[in-house]
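Residue-level structure breakdown
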Amino acid sequence: MADPIEAPPRKVNLGRVDFPRSGFYGAPLSVEPLTFNVDEIEESGDLFEADLSRAFIDGALRGDPPTEFHAGGAAHLRAKVTKLGRKVLFQTRFMVPLEGQCKRCLKKVPVDEPIDLTLTFVPGEPVRADAGAAARAPGTGEPVASFDPVTVDEEPYSGKVIDLSGALREQILLAIPPSPVCEEACKGLCPQCGKDLNQGDCGCERTMIDPRWVALKDMKVQKKEK
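All residue numbers here refer to positions counted from 1 along the written sequence of the relevant chain. Only residues with pLDDT of at least 70 get local features here, since the model is predicted, and only at 80 or more are side-chain atom pairs given and counted; chain-wide, interface and lining totals rely on the full set of residues. Side-chain figures throughout are based on the complete set of non-hydrogen atoms in the structure, without hydrogens or water.

Section: the overall build of the chain
To keep things clear, this is the line we draw: Counting from the N terminus, the helices are the DSSP runs of H or I reaching at least four residues and the strands are the DSSP runs of E reaching at least two. Only protein chains enter the calculation, and the probe is 1.4 Å; a residue is then buried if its accessible area is under 20% of its type maximum, exposed if over 50%, and partly exposed in between. Any two residues whose heavy atoms approach within 4.5 Å are treated as being in contact. Residue burial considers only the protein chains on display, and all accessible areas are found by Shrake-Rupley using a 1.4 Å probe.
Across its full length, the chain carries 2 helices and 8 strands. Shown N-terminal to C-terminal, the secondary structure of the chain runs as helices and strands in the order β-β-α-β-β-β-β-β-β-α. Burial statistics for the chain: of 226 residues in total, 34% are counted as buried. The long-range fraction of contacts in the chain, counting pairs at least 24 apart against all pairs at least 6 apart in sequence, stands at 58%. Within the structure as shown, the chain displays about 15,200 Å² of accessible surface, and the carbon and sulfur contribution to it stands at 54%.

Take a look at the structure:
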């Protein structure tokens, strides 16, 4: 009888979580997109995988108020979920493809932004903005993640199904980078004619005049006769 195949040891690195490419934690949880059932999670941990569609990422980026970025494509999320009693520890690292404009010449600039999220879901009622219903994402009606500084790394859930959509939207927004540049040497656009100066000089006079002195520009000083 052949010896059973042992799972390879998992590397442990301080400050990060290792996600093996094989199913070290077993097959991915069979769940609806961006949701999972707490009762299906093994105590030792499970692998959770989901696709974040381009529409989902754009929904976060183009909300109210909108950011200056668009989704550059879909993203794939791999996470480890571990049950701690009725609490659930969720750990993931993934890349979100973004597309912005160069702040100098306005060309499209692709940006792959990393997201590193460790969050504990705890049973309980969500923090309410008022005596009415819980806070909802603008235009979607879906619950959003809370911003209580005391429980910033915890997110409440009710029932048996955890919905990740609110927490993931929040993380995408928190990961928005500063306005990008296409390259450090970008010369930008001419402020007068709008030509891309990376393609050559336009010949415009770009000496800036303080607008408070514009009225004096064409004035001629007359010499006083003796």
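After presenting the structure, the write-up continues.
Description of helix H1 (residues 54–61)
Because each turn of an α-helix spans 3.6 residues, side chains separated by three or four positions end up pointing in the same direction. Put simply, the rule is: Note that the arc is computed from the directions linking the helix axis to the C-beta atoms.
Regarding H1, the residues found buried are Phe56, Ile57, Ala60 and Leu61. The buried residues of H1 occupy an angular sector of 135° when projected down its axis, which confines them to one face. Among the structural elements, strand E2 (46–52), strand E3 (70–71), strand E4 (75–84), strand E5 (87–101) and helix H2 (165–174) are those in contact with the buried residues of H1.

A closer look at H2
Counting buried residues along H2, 8 of its 10 residues qualify, which places the element largely inside the surrounding structure. Taken residue by residue, H2 has Ser165, Gly166, Ala167, Leu168, Arg169, Glu170, Gln171 and Ile172 as its buried positions. Contacts made by the buried residues of H2 are with E2, H1, E4, E5, strand E6 (108–123) and strand E8 (161–163).

Observations concerning the side chain of Ser165
To keep it simple, the criterion reads: In protein, a polar contact requires one atom able to donate a hydrogen and another able to accept it; more generally it is a pair of N or O atoms within 3.5 Å, and residues adjacent in sequence count only if both atoms are side-chain atoms.
Mapped onto the elements of the fold, Ser165 is located in helix H2. A residue is classified by how much of its surface remains accessible, and Ser165, at 4% relative accessible area, is buried. Among the polar contacts listed, one links the side chain of Ser165 to the side chain of Asp163, at a separation of 2.9 Å.

Comments concerning the packing of H1 against H2
When two helices pack together, their arrangement is captured by the angle between the axes and the distance separating the axes. Just so we agree on the cut-off: Interaxial angles span 0 to 180 degrees and are taken between N-to-C directions of axes, which are lines fitted to C-alpha atoms, for helices over the stretch in contact. For a crossing to be left-handed, the near helix must be turned anticlockwise from the far one by less than a right angle; the clockwise case is right-handed. When residues are grouped by polarity, Ala, Val, Leu, Ile, Met, Phe, Trp, Tyr, Cys and Pro land in nonpolar, Asp, Glu, Lys and Arg in charged, and all others, Gly among them, in polar.
Remark: H1 packs on H2, axes separated minimally by 9 Å, with the N-to-C direction vectors making an angle of 65°. By crossing handedness, the relation of H1 to H2 is classed as right-handed. On H2, the residues that touch Phe56, Ile57, Ala60 and Leu61 of H1 are Ser165, Leu168, Arg169, Ile172 and Leu173. Residues belonging to the contact of H1 with H2 are distributed by class as follows: 7 nonpolar, 1 polar and 1 charged.

Quick word on the nonpolar core
Selection rule: The criterion is simple. A nonpolar core is a set of buried Ala, Val, Leu, Ile, Met, Phe, Trp, Tyr and Cys residues joined through side-chain atoms within 4.5 Å.
Membership of the largest hydrophobic core comes to 38 residues, with the highest contact counts inside it found for Phe36, Phe48, Ile57, Phe90 and Leu168. Mapped onto this core, the elements with two or more residues apiece are E2, H1, E4, E5, E6 and H2. Counting residues per element, this core draws most heavily on E6, which supplies 6 residues. Among residues more than four places away in sequence, those in contact with Leu168 are Leu34, Leu52, Phe56, Leu77, Phe94 and Leu117.

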